[in-house]
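# Commentary on secondary and tertiary structure
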Amino acid sequence: MKADIGLIGLAVMGQNLVMNMNDHGYRVAVYNRTTSKVNDFLTGNALNSLVIGTHSLEELVGSLSKPRKIMLMVKAGEVVDAMINQLIPLLEPGDILIDGGNSLFTDTSRRTDALGAKGVLYIGCGVSGGEEGARNGPSIMPGGNKQAWPAIKGIFQDISAKVDEQPCCQWVGEQGAGHYVKMIHNGIEYGDMQLICEAYQVMRKGLGMTCDEIHVVFEEWNKGVLDSYLVEITSHILTFKDDDGEPLLDKILDQAGQKGTGKWTGINALDLGIPLTLIAESVFARCLSSRKDERVLASDKLATTLPTWQGDKQQVIQDLHDALYASKIISYTQGFMLMREAANEYGWQLDFGNIALMWRGGCIIRSRFLADIKQAYDHDNNLVNLLMDNFFADALMKADAGWRHTIQLAVQLCIPIPTFSAGLSFYDGYRSAQLPANLLQAQRDYFGAHTYERVDRPRGEYFHTDWISSGGKVSSTIYDV
Ligand code: 6PG
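The following refers to the structure shown. Along every chain, residues carry numbers that run from 1 in the direction the sequence is written. Given that the model is predicted, a residue must reach a pLDDT of at least 70 before its local features are reported, and side-chain atom pairs must reach 80 or more before they are shown or counted; all residues, however, enter totals for whole chains, interfaces and linings. Calculated side-chain values reflect all of the structure's heavy atoms, with hydrogen atoms and water omitted.

## Side note on the sheet that holds strand β1 (residues 5-8)
- Only when DSSP finds a minimum of two bridges between them are two strands counted as paired. A run of DSSP states H or I qualifies as a helix once it reaches four residues; a run of E qualifies as a strand once it reaches two. Both are numbered from the N-terminal end. With mixed pairing, the 8 strands of this open sheet are ordered in space as β3-β2-β1-β4-β5-β6-β7-β10. Two strands close off the open sheet at either side, each with one partner strand: β3 (52-53) and β10 (173-174).
- In this structure, strand β2 (residues 28-31) lies alongside β3, joined through 2 bridges in parallel fashion. Across the sheet, V30 pairs through a bridge with G53, a residue of β3.

## Quick word on the packing of helix α8 (residues 177-206) against helix α14 (residues 313-346)
- Every axis corresponds to a line fitted to the C-alpha atoms, with the helix fit spanning only the stretch in contact, and the corresponding angles, defined between N-to-C directions, vary from 0 to 180 degrees. Two elements in contact, α8 and α14, have axes whose closest approach is 10 Å; the angle formed by their N-to-C orientations is 165°. The angle between the axes of α8 and α14 places the two elements in the roughly antiparallel class. Relative to α14, the crossing made by α8 is right-handed. Residues Y180, V181, I184, I188, G191, D192, L195, I196, A199, V202 and M203 of α8 touch α14, and the partners they reach there are L320, L324, S327, K328, S331, Y332, G335, L338, M339, A342 and Y346.
- Residue type decides the class: Asp, Glu, Lys and Arg count as charged, Ala, Val, Leu, Ile, Met, Phe, Trp, Tyr, Cys and Pro as nonpolar, and the leftover types, Gly among them, as polar. Broken down by class, the residue content of the contact of α8 with α14 amounts to 16 nonpolar, 4 polar and 2 charged. Angles are sorted into four bins: roughly parallel if under 35 degrees, roughly antiparallel if over 145, roughly perpendicular if 65 to 115, and oblique for all others. With the far helix as reference, a near helix turned anticlockwise by less than a right angle produces a left-handed crossing, and one turned clockwise produces a right-handed crossing. By definition, residues are in contact when any of their heavy atoms lie within 4.5 Å.

## Side note on the layout of surface pockets
- For each structure, a 1 Å grid was placed over the protein atoms alone; sets of points admitting a 1.4 Å probe that cannot get out are labelled cavities, open sets with protein on both sides within 12 Å along at least five of seven lines are labelled pockets, and lining residues have an atom within 4 Å of a point. Grid points are joined across faces, edges and corners, and a volume is the space filled by probe spheres set on the points. Size it by volume and the largest pocket reaches roughly 1,900 Å³.
- As for the largest pocket, its lining consists of 48 residues, and the residues nearest its centre are C197, Y200, Q201, D254 and S289.
- Mapped onto the lining of the largest pocket, the elements with two or more residues apiece are α8, α10 (229-239), α12 (277-289) and α13 (292-301).
- The element that contributes the greatest number of residues to the lining of the largest pocket is α8, accounting for 11 residues.
- Here the lining of the largest pocket is composed, by residue class, of 28 nonpolar, 11 polar and 9 charged.
- In this structure, the second largest pocket spans a volume of roughly 900 Å³.
- Forming the walls of the second largest pocket are 29 residues, and the residues nearest its centre are N102, K182, N186, K259 and T261.

## Topic: unusual backbone geometry
- Geometrically, the link from K66 to P67 is a cis peptide bond, its omega value of -10° lying close to zero.
- Even without glycine at this site, N48 takes up a positive phi of about 60°.
- Among the secondary structure elements, N48 is positioned in the loop between α2 (36-43) and β3.
- Although it is not a glycine, D164 sits at a positive phi angle of roughly 50°.
- Relative to the elements of secondary structure, D164 occurs in the loop between β8 (162-163) and β9 (166-167).

## Observations concerning the packing of α8 against helix α18 (residues 418-430)
- The contact between α8 and α18 brings their axes to 8 Å, and the two run at 115°. With respect to α18, the axis of α8 lies roughly perpendicular. On α18, the residues that touch Q194, L195, E198 and A199 of α8 are P418, T419 and F420.
- Across the contact of α8 with α18, the residue classes tally to 4 nonpolar, 2 polar and 1 charged.

Pasting the structure below:
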């Protein structure tokens, strides 16, 4: 009997996806470049399953029912291109190739177009949820050649997470849209993680709380509007003890790694001119953390006497809760703004309510909060951004005072809070009818004759002033990036 789908790449995500498909009654054929891994899998995790092991790409392709569906779970980048090149001669028009790794969306757009020209249907598919999600129900974000969607929809929706019986897997859009949305998911993941870290640091260093005390706070927060997987695991991490009974967290080196998806999100925001300040700060916070040796030297050379904090702890914790919630709203606002711009720029039809639904369960940023975002976009898919939705506008108004108090306190205590403050500055900037860009335009015109528009004249009329009476009346050309 032929297999329903093939999967290449038996690292932990690949193995778990195979077993998830197997549990749902699908027959999966597997292949791995180091073929001993296939045997290990068959005698290990896949023992007594329907899984078919193959030891060459020819054998894999030959074992599949038509149209063939092959999912790649290999390292993003050149490995994906190399694997595609090896598979192409073995495939027929109508066959479907799916990349389930964290590929750069522009690579996926290129591959979708190139393979489409050969009649092979390419899908770039974001998969989130880590090992546990892959095994029990991930969030799956497929995009690419839509002709392939009916053939893979059943399998993917069956294995995905469900929220209120709805699968966290919906068609995202053309070309690299699936991987794009996964990239934004990861950018938001960076923002959420950094925000939580800042809240932790205010409690740990500012208020001098123990890990166990902070654990209780996060546990409590996880029962309300902040209810999310990342808050839940943070609460667990805080209570986890090392062999000597001390918190393991205190022994972990404060130097963050990154594989690049947050950086890609920031680069794309700069390319599209979207002020994605909070996520960008969360990437930079990781960069700063990784300069550990320099920081240790600087902590001596630039040492200061830190004030000790005294006050109403419960009030500070309540303010911190509000700061975290408000900043989170800003982070998602910016992330969805970027996706909206990308949809325009790349010509994709993105359904933002569906995207929120896909992130509602299974993935790393899953949370109760995403149900509110889904509701906002279900109400109006053309919403300019979340701040224009009454629910979120109201939530920000209520959190405003606590947010500001938290930032004031952190500044006084010399605790860095780059994402809390980037969020607040964005909020204040976005709702300012008047920004100091009038001065900025004057400066540009002063030194470079870049011209400016006037508030007392119609838009589109450009002026240049000879600021130092040097006779220079020639303006430079007008263009904006
Ligand atoms: C997910 C995660 C996953 C992975 C990140 C980690 O959605 O399941 O986002 O994709 O954990 O790539 O990224 P960093 O190593 O950059 O933190």
